[in-house]
Amino acid sequence: MSSRSTIARAVAIVGVAVMLALAACSSKKPASIGGDNNSGGSQLGENGVGKGGGNSLEDWKNGKFGAQGPLSDIHFAYNEYTIQEQDSSVLKSNASWMQAHPQTRVQVEGHCDERGSEEYNIALGAKRSQAAKDYLVTLGIGGSRISTISYGKELPLCTEHDESCWSQNRRDHFAVSQ
């Protein structure tokens, strides 16, 4: 009988420890979108968040969010960061434009739909933007001209709660800067 009560007590202690750990994790805030983040290769972005204009955060602040520049967005399947076959032609077109405009730099912004935690979506957005950068590099664009950033689910294009809206938000946006 005492071994059952010992096991029950141990399970209760482990349960409380897990709940405390989860509560501690949920109180942590990810780096703010407008924060200063100049470290190379960070989870959020290689060249900082919202630096230099010409990105979705600056557009959002200036009331121009959703505006499309000279480069086209690509989209992703749910929970994926692999480049889809139909987006290879979009990336080839973006690479051609970049080759014709060698003085420009591009920031690839990874975006996600609203499902999942902030931390998960920041990581997924980072993988999406890195996948597009890697693809552009294989097409001959210098990696030093391309920075990446993840906005996760923080800057959705569409705010409805259905698949047609979510599919618009699962994207890489290409912001051009000089």
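Anyway, here's the lowdown on the structure attached to this text. Since this is a predicted model, take the numbers as computed values, not measurements. (Residues numbered from 1 in each chain as written. Predicted model: local features only at pLDDT ≥ 70, side-chain atom pairs only at ≥ 80, totals over all residues. Heavy atoms only, no water.)

### Thoughts on the sheet that holds strand E3 (residues 146-152)
So, step 1. Reading across from one edge, E1-E4-E2-E3 is the order of the 4 strands in this open sheet, with mixed pairing throughout. On the outer flanks of this sheet lie strand E1 (74-75) and E3, each paired with one strand and no other.
So, step 2. Where strand E2 (residues 105-111) meets E3, 6 bridges bridge the pair, whose relative direction is parallel. Bridging across to E3, Glu-109 finds its partner in Ile-149.
So, step 3. Packing of helix H4 (residues 118-138) onto the sheet brings it into contact with E1, E2, E3 and strand E4 (171-177), and relative to E3 it is tilted by some 155°. (Pairing = 2+ DSSP bridges. Helix = DSSP H or I, 4+ residues; strand = E, 2+ residues; numbered from the N terminus. Contact = heavy atoms within 4.5 Å. Axes fitted to C-alpha atoms, helices over the stretch in contact; angles between N-to-C directions.)

### Section: the state of the cysteines
So, step 1. Here the structure, examined in full by the defined rule, presents 1 disulfide.
So, step 2. Disulfide pairing places Cys-158 opposite Cys-165 at an S-S distance of 2.2 Å. Residues Cys-158 and Cys-165 are joined by a disulfide whose S-S torsion is about -130°; by sign, that bridge is left-handed. The same class applies to Cys-158 and to Cys-165, which are both buried. (Disulfide = S-S within 2.5 Å. Buried < 20%, exposed > 50% of the residue type's maximum accessible area, 1.4 Å probe, protein only.)

### What about H4?
So, step 1. With 21 residues, H4 extends 30 Å from end C-alpha to end C-alpha; this agrees with the ideal 30 Å at 1.5 Å per step.
So, step 2. When H4 is considered as a whole, its buried residues turn out to be Asn-121, Ile-122, Leu-124, Gly-125, Ala-126, Arg-128, Ser-129, Ala-131, Ala-132, Lys-133 and Leu-136.
So, step 3. Looking at the buried residues of H4, the elements they touch are E1, helix H3 (85-100), E2, E3 and E4.
So, step 4. Looking one or two residues beyond H4, the residue adopting positive phi is Gly-140, at roughly 100°. (Expected span 1.5 Å × (residues − 1).)

### Points about the nonpolar core
Looking at soluble globular proteins, one finds that nonpolar side chains tend to be buried together.
So, step 1. One finds Met-98, Leu-136 and Phe-174 to be the most contacted residues of the largest nonpolar core, which totals 13 residues.
So, step 2. Mapped onto this core, the elements with two or more residues apiece are H3, E2 and H4.
So, step 3. Counting residues per element, this core draws most heavily on H3, which supplies 3 residues. (Core = buried A, V, L, I, M, F, W, Y, C linked by side-chain atoms within 4.5 Å.)

### Considerations on unusual backbone geometry
So, step 1. One non-glycine residue, Asn-79, adopts positive backbone phi at about 65°.
So, step 2. In this structure, Asn-79 sits in the loop between E1 and H3.
So, step 3. A relative accessible area of 38% means that Asn-79 is categorised as partly exposed.

### A closer look at the pattern of salt bridges
So, step 1. Summed over all chains, the structure comprises 4 salt bridges.
So, step 2. We note a salt bridge from Asp-113 to Arg-115, for which the minimum N-O separation is 2.7 Å.
So, step 3. Asp-113 gets classed as buried once you look at its relative accessible area, which sits at 4%.
So, step 4. A relative accessible area of 24% places Arg-115 in the partly exposed class.
So, step 5. In this structure, Glu-163 and Arg-115 form a salt bridge, with 3.6 Å as the shortest nitrogen-oxygen distance. Pair noted here: Glu-163 is in helix H5 (residues 163-169) and Arg-115 is in the loop between E2 and H4, with a separation of 48 residues, a long-range link. (Salt bridge = Lys/Arg side-chain N within 4 Å of Asp/Glu carboxyl O.)

### Section: H3
Each turn of an α-helix holds 3.6 residues, which means side chains three or four residues apart point in the same direction.
So, step 1. Between its first and last C-alpha atoms H3 spans 24 Å; for 16 residues at 1.5 Å apiece the expected length is 22 Å, and the two agree.
So, step 2. Residues Asp-87, Ser-88, Leu-91, Asn-94, Ala-95 and Met-98 constitute the buried set of H3. Each buried residue of H3 sits inside an arc of 125° when the element is viewed along its axis, so together they form one side. Across from the buried face of H3, at angles greater than 90 degrees, the exposed residues are Gln-86 and Ala-100.
So, step 3. Each element contacted by the buried residues of H3 is listed here: E1, E2, H4, E3 and E4. (Arc of directions from axis to C-beta.)

### Digging into the side chain of Asp-87
So, step 1. Considering the arrangement of structural elements, one finds Asp-87 in helix H3.
So, step 2. Of the side chains with opposite charge, Arg-128 comes closest to the buried, unpaired Asp-87, at an N-O distance of 9.8 Å.
So, step 3. A polar contact of 3.4 Å, which involves the side chain of Asp-87, links it to the backbone nitrogen of His-75.
So, step 4. Non-local contacts of Asp-87, meaning those with residues more than four positions away in its chain, are made with Ile-74 and His-75. (Lys, Arg positive; Asp, Glu negative; His and termini not counted. Polar contact = N/O pair within 3.5 Å; in protein donor to acceptor, adjacent residues only side chain to side chain.)

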